[in-house]
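# Analysis of the macromolecular model
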Amino acid sequence: MAHLQLTALAGGADDEMEEVALLGSYDVEAGAGDEEAGMRRVQVRVAGMTCSACTGAVEAALSARRGVRRVAVSLLQNRAHVVFDPELAKDEDIVEAIEDAGFEAEILPDSTVSQPKSQKTLSGQFRIGGMTCAACVNSVEGILQKLPGVKRAVVALATSLGEVEYDPSAISKDEIVQAIEDAGFDAALLQSSEQDKVLLSVSGLHTEGDVDVLHDILKKIEGLRQSGVNFANSEVEIVFDPEIVGLRQIVDTIEMESNDRLKAHVQNPYLRAASNDAQEASKTPHLLRTSLLLSIPVFFIRMVCPHIPLISSSLLMHFGPFRIGDLLKWILVSMVQFVVGKRFYVAAYRALRHGSTNMDVLVVIGTTASYVYSACALLYGAFSGFHPPIYFETSAMIITFVLFGKYLEVLAKGKTSDAIKKLVELAPATALLLLKDKEGKYSGEKEIDASLVQPGDALKVLPGSKVPADGFVIWGTSHVNESMVTGESVPISKEVSSPVIGGTMNLHGVLHIQATKVGSGTVLSQIISLVETAQMSKAPIQKFADYVASIFVPIVITLSLLTFLAWFLCGWLGAYPNSWSAETSNCFVFSLMFSISVVVIACPCALGLATPTAVMVATGVGANHGVLVKGGDALERAQNVKYVIFDKTGTLTQGKATVTTAKVFSGMDLGEFLTLVASAEASSEHPLAKAILDYAFHFHFFGKLPSEKHSIKKRKEEILSQWLLDVADFSALPGKGIQCWINGKKILVGNRALIIENGVNIPDEAEHFLIDMELSSKTGILVAYDGGFIGLIGITDPLKREAAVVVQGLKKMGVHPIMVTGDNWRTAQAVAKEVGIEDVRAEVMPAGKADVIRSLQKDGSVVAMVGDGINDSPALAAADVGMAIGAGTDIAIEAADYVLVRNNLEDVITAIDLSRKTFSRIRWNYFFAMAYNVVAIPIAAGALFPFTGLQMPPWLAGACMAFSSVSVVCSSLLLRRYTKPRLTTVLQITVE
């Protein structure tokens, strides 16, 4: 039985938190596998490739060669990665095959070096600028995934970020950046899992001489492998060996050697990204202002001035062959079309060059058609004397409205990422480092950059200031507000040996802490990484939007052409009265206006934003409530949960086992019995073992054992060694208990199965006593010594106060709760009855929990598992939705889909409710996006014109298109108003 396994657990309460990368880690098996199999890998530079047809030709030529096993050709990098059998082919054969296909080839020298057997995959986060819709995202992802050495690529439109897992031995981050830029987008690496590379901003770099001084200082630092100074940005990128030199030492050396003329600061990648985003966002309002200043006069000349006789007559005067009014509109609109609208032409060209289409293509087609027609009509009127109507204002107003929509979209999308910004702002900028003298005594303090804190540093935390790093208290007492990280509103008391979390607020007393985790290892960084990863991920429902976006633009262009042909042919054949097209002078212009409106009003952006914006807001809201979601797919699955499986110990119960009963069934004294059992359990770190030790110590000494934490562990061992007996041959028996030898006699401590299988007879009196304990929700631990039964111990673990209400709440939500435990049937059923769970699975071995989950999944049901994230990892991984519950720092979060930071079961309801509310909002987003296009395109095509006589001008169509994507983003932003469900509401209870 799992909860009677009195052995040390991997990942106990005092263990270090497991490192969690942004996208996890993957072993690079390709290179190792090739080497082991005797394969040879080479990189070949291929010159002359211009398109995908060229890469296909190179791949085909190489694949046809005898001995070639695998080929990957990159058009953007002009490289080919070839894996071949050196016994069947040579380097010269590879070059010859490429040259025979009509291209130049050269084996790169560094590719002849033997590849490493295995190297950990790196994950890098890149900022990608210039993406406007889902089609751009698909294009960038497709390009990245084709790059040799790239394992996985995920791009998010809402954040303009991409995460790439790549093999650094096959491709560098600079090559990835180059590939994105070659595709027509801006790119920059924000951060990487490569921990020994840091970007420093250096103040004081004013002249080239300062740069030379910095170079000289860096050259002298031992352990600094590489450095590159960017004088324009006052930055220096350094690569160093953290085993030889620390980052703080590097920064201090720069300041000391330059006599404080140069000061270095570690750049925060998140703040740097925010700064870049702000610069990018500032371009849109600037373009919008310019477009408005140029478009408003055009609008007045077209709509207002004709009604003012004096101005109208002036505009009809000629300047050469041109009317002054028409010439002014041409000049103003040309600046809007080709100066302000340049961004649309560039983006459309990038998309078309790679065989994809996006919203920019639609804008360019619509505005160019209007502009070209108007320019041609203007020239025709100037030289023929017949002046057909011109529509310069159409292209200018379309561009203005689209930019206005983009500006609103930038503002709205910025608010969707507020959660990340708030989490980043929790980290303090500085820390007070306690300095030691040669004797190890504290001699003073120094304010340092918080990013320079190193593990083992002693730090001073003043009242009202934030804790700079994860660690534990070494001096002082205080209360700390951890609500910003864990969501727990009540301040937590801190004393010596208490753990503290970086970013939390110290309220009252002064604390001295010792840092244990810094940088990406802190809880706050882990939370930020989890939220970022979730916001990067795509929910399965988004595949539909991606597919629609990929075919949307071609369909719209086709509909536009059909609209033009239908109206033009009908007019040419006289199918509608000439009066309909009288205002535009002829049916060609009449048809063209409908066609342009169709192109401009269609909006693929709204579809592309429907899911990612909602997921981004939801994950941020969840983080604020202590519910961390690991991805959009987990968020989507959780809405359909049918079964929620609870572990008993530490999940439904408080996880604070206490001994309530100790009874001896032999002539042994109770004190001697407790000493014997405590001696056996002293080698175990299981919570039940600790409870027995505490009880025995209190029985003998009326005191409390110190908490086992760091240096205090030695003190505890000293106390235990003074009264415990020597133990030999200690061994754990999984699911049963422990056995060892004391005074040359065998002792067994565990459950009924352990005692019986060792041939020990349990007296009837003890059996009855045990049954009574189990029926009252206590766990019985039996003890045998020297082949005879000597006594038993009753342990209880109090239920969490919210357990029964949460179980009832889940039932009201249509979710079926189940309890799975390794404890005996009587205890399990007693606990289940107390919380209101009817379905109980008891005496389940640790590995058997996953089997229970699979049995429930057979009929397609979605199963959630709620566990403590330590010994429940297999079950958490097997469940459709794994929820690791229990206070933040020691959770095996790699196995779970949700991390419930607080040790509170109410967050299970919050997780499911948030998922349901999010996907309800996503469905509404899709409805708005689809309904808009389904309704708007026929109206723009003139479907209502024969009945109402109303025609949608192209500029109005552009305004509608601009506001459609804004409406979807604003719809997602409504999720920011999400509040946790009140249990009284869930239970439909009216509180008087």
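Per an unreviewed UniProt entry, the protein chain is named HMA domain-containing protein, and its organism is Urochloa decumbens. For the record of the protein chain, the UniProt heading Subcellular location (unreviewed entry) holds the text "Membrane".

## Side note on the packing of helix α6 (residues 208–220) against helix α7 (residues 247–257)
Two numbers describe how α6 lies on α7: the axes approach to 10 Å, and their chain directions differ by 130 degrees. As summarised for this structure, α6 and α7 are arranged oblique, according to the angle between their axes. For the element pair α6 and α7, the recorded crossing hand is right-handed. Across the interface between the two elements, L214, I217 and L218 of α6 pack against T253, I254 and E257 of α7. When the residues that make up the contact of α6 with α7 are grouped by side-chain class, the tally is four nonpolar, one polar and one charged.

## Points about a nonpolar patch on the surface
A contiguous nonpolar surface patch, about 930 Å² in accessible area, is contributed by Y547, I551, I555, L559, L562, L565, L569, W572 and L573. Examined against the element boundaries, L559 turns out to sit in helix α17 (residues 542–572). Residue L559 is classed as partly exposed on the basis of its relative accessible area of 33%.

## Structural notes on the sheet that holds strand β18 (residues 470–475)
On the basis of which strands lie adjacent, the open sheet formed by six strands has the order β16-β15-β17-β23-β18-β21 and antiparallel pairing. The open sheet has two edge strands with one neighbour each: β16 (442–449) and β21 (499–500). In terms of strand pairing, strand β15 (residues 430–436) meets β16 through seven bridges, oriented antiparallel. Bridge pairing in β16 links T430 to D449.

## With respect to the pattern of salt bridges
This structure, assessed with the given rule, holds 22 salt bridges. A salt bridge links R65 to E96, with the nearest nitrogen and oxygen atoms 3.9 Å apart. Placement of the pair is R65 in the loop between α2 (52–63) and β2 (68–74) and E96 in helix α3 (residues 91–100), with a sequence separation of 31 residues. When its relative accessible area of 26% is taken as the criterion, R65 is described as partly exposed. E767 is the salt-bridge partner of R752, the closest N and O atoms lying 3.0 Å from each other. Here R752 is found in helix α25 (residues 752–757), whereas its partner E767 is found in helix α26 (residues 764–775), with 15 residues between them in sequence. Classification of E767 as partly exposed rests on a relative accessible area of 21%. By sharing partners, the salt bridges in this structure join R752, E767, E774 and R826 into a single network.

## Things to note about helix α29 (residues 848–857)
Residue pairs three or four apart in sequence face the same way in an α-helix, which turns once every 3.6 residues. Along α29, the residues that are buried comprise G848, K849, A850, V852, I853 and L856. As for α29, its buried residues are in contact with β25 (641–647), β32 (816–820), β33 (839–841), β34 (862–867) and α30 (873–878).

## Section: the sheet that holds strand β22 (residues 505–506)
Strands belonging to one sheet form pairs held by backbone hydrogen bonds; the direction of such a pair is parallel or antiparallel. Spatial ordering of the open sheet is given by β20-β19-β22, a layout of three strands whose pairing is antiparallel. Each edge of the open sheet is held by one strand with a lone partner, namely β20 (492–494) and β22. Two elements, strand β19 (residues 478–481) and β20, share three bridges in a ladder whose sense is antiparallel. The residue bridging H479 from the neighbouring strand is S493, located in β20.

## Let's talk about the packing of helix α27 (residues 803–812) against helix α31 (residues 906–940)
One way to put it is that α27 packs onto α31 with a least axis distance of 9 Å and a crossing angle of 25 degrees. As summarised for this structure, α27 and α31 are arranged roughly parallel, according to the angle between their axes. Of the residues in α31, those in contact with V806, G809 and L810 of α27 are E906, V908, I909 and I912. In terms of residue class, the contact of α27 with α31 is made up of five nonpolar, one polar and one charged.

Thresholds, definitions, all that
Residues numbered from 1 in each chain as written. Predicted model: local features only at pLDDT ≥ 70, side-chain atom pairs only at ≥ 80, totals over all residues. Heavy atoms only, no water. UniProt positions renumbered as here; feature names shortened; annotations may be inferred. Axes fitted to C-alpha atoms, helices over the stretch in contact; angles between N-to-C directions. Helix = DSSP H or I, 4+ residues; strand = E, 2+ residues; numbered from the N terminus. Parallel < 35°, antiparallel > 145°, perpendicular 65-115°, else oblique. Left-handed = near helix turned anticlockwise from the far one by under 90°. Contact = heavy atoms within 4.5 Å. Nonpolar A, V, L, I, M, F, W, Y, C, P; charged D, E, K, R; others polar. Patch = residues over 30% accessible without salt bridge, like charges linked within 9 Å, V, L, I, M, F, W, Y side chains within 5 Å. Areas by Shrake-Rupley, 256 points an atom, 1.4 Å probe, with all protein chains shown as cover. Salt bridge = Lys/Arg side-chain N within 4 Å of Asp/Glu carboxyl O. Buried < 20%, exposed > 50% of the residue type's maximum accessible area, 1.4 Å probe, protein only. Pairing = 2+ DSSP bridges.

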